[in-house]
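The lines below spell out each chain.
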Amino acid sequence: QVQFEESGGGLVEPGGSLRLSCAASGRIRNIFSIYAMGWYRQAPGKQRELVAAISIGEGTNYLDSVKGRFTISRDNAKKTVYLQMNGLNPEDTAVYYCNGGPCSGYTCPYEFDAWGQGTQVTVSS
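Rules of the game
- Residues numbered from 1 in each chain as written.
- Predicted model: local features only at pLDDT ≥ 70, side-chain atom pairs only at ≥ 80, totals over all residues.
- Heavy atoms only, no water.
- Salt bridge = Lys/Arg side-chain N within 4 Å of Asp/Glu carboxyl O.
- Helix = DSSP H or I, 4+ residues; strand = E, 2+ residues; numbered from the N terminus.
- Buried < 20%, exposed > 50% of the residue type's maximum accessible area, 1.4 Å probe, protein only.
- Disulfide = S-S within 2.5 Å.
- Patch = residues over 30% accessible without salt bridge, like charges linked within 9 Å, V, L, I, M, F, W, Y side chains within 5 Å.
- Areas by Shrake-Rupley, 256 points an atom, 1.4 Å probe, with all protein chains shown as cover.
- Phe/Tyr/Trp six-rings, centres within 6.5 Å; stacked < 30°, edge-to-face > 60°.
- Lys NZ or Arg CZ within 6 Å of the ring centre and 35° of its normal.

(A) Spotlight on the pattern of salt bridges. Applying the stated criterion to the full structure yields five salt bridges. As a salt-bridge pair, D92 and R69 come within 2.8 Å of each other at their nearest N and O atoms. Here the residue D92 occupies a position in the loop between strand 8 (80–85) and strand 9 (94–101), and R69 occupies one in the loop between strand 6 (60–62) and strand 7 (70–75), the gap between them amounting to 23 residues. Judged on exposure class, the residue D92 and its partner R69 are both buried. In this structure, a network of salt bridges that share partners links the residues R41, E49, R69 and D92.

Right, here's the structure in full:
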């Protein structure tokens, strides 16, 4: 079993910054380094969307609307993925989730069957 635990969300003013963390746990000690990982978000009434992805080779891919503002990174020793979010705007308000699997690309070509609780990001004055 592999679980991902998101943290770091909160309430921020427009233009503010947050850093989200995603810690992997469970039976993943020797395989996290070959997991492609992604950050997803879901706003009320909207579909969940991929925000940023990072491959096992640390190549990255971003949703167009967050390019230049968000940065995804990983620390394999800590089994953790981060999302640095700068220049936040109200459209970024959502619950943010992370997930991934042992895939060679930016994301896995299958539906994930388990998600964590996510972390709420609210951008408001």
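(B) Region of the structure containing the state of the cysteines. In total, this model carries two disulfides according to the counting rule given. Between the sulfur of C22 and that of C98 lies a disulfide, 1.7 Å long from S to S. Judged by the sign of its S-S torsion, about 65°, the bond between C22 and C98 is right-handed. Here the residue C22 occupies a position in strand 3 (residues 18–26), and C98 occupies one in strand 9, the gap between them amounting to 76 residues. For the residue pair C22 and C98, the accessibility class agrees, reading buried in each case. With its sulfur 2.0 Å from that of its partner, C103 forms a disulfide with C108. Because the sign of the S-S torsion sets the handedness, a value of about 110° for the bond joining C103 and C108 places this disulfide among the right-handed ones. Here C103 matches C108 in class, with each residue buried. Within the chain, bonded cysteines paired by disulfides and numbered along the sequence follow the pattern 1-2, 3-4.

(C) Summary view of the environment of F70. With respect to the element layout, F70 can be found in strand 7. Distance in space between the C-alpha atoms of F70 and L83 is 6.7 Å, their sequence separation being 13 residues.

(D) Examining a nonpolar patch on the surface more closely. Together, I31, I34 and I56 give the surface a local cluster of nonpolar side chains, amounting to about 210 Å² of exposed area. Tracing the backbone through its elements, the reader meets I34 in the loop between strand 3 and strand 4 (36–42). By relative accessible area, I34 is classed as partly exposed at 37%.

(E) Examining the packing of aromatic side chains more closely. According to the stated counting rule, one finds five aromatic pairs in the structure shown. Judged by centre distance (6.4 Å) and plane angle (80°), the ring pair of Y40 and F112 falls under edge-to-face. One end of the pair, Y40, is in strand 4; the other, F112, is in the loop between strand 9 and strand 10 (119–123), and 72 residues separate them in sequence. Taken together, the ring pairs connect Y40, Y97, Y110, F112 and W115 into an aromatic cluster. Above the ring of W115, the side-chain terminus of R48 is found at 3.7 Å from the ring centroid. Between the NZ or CZ atom of R74 and the centre of the ring of F32, over which it lies, the distance is 5.1 Å.

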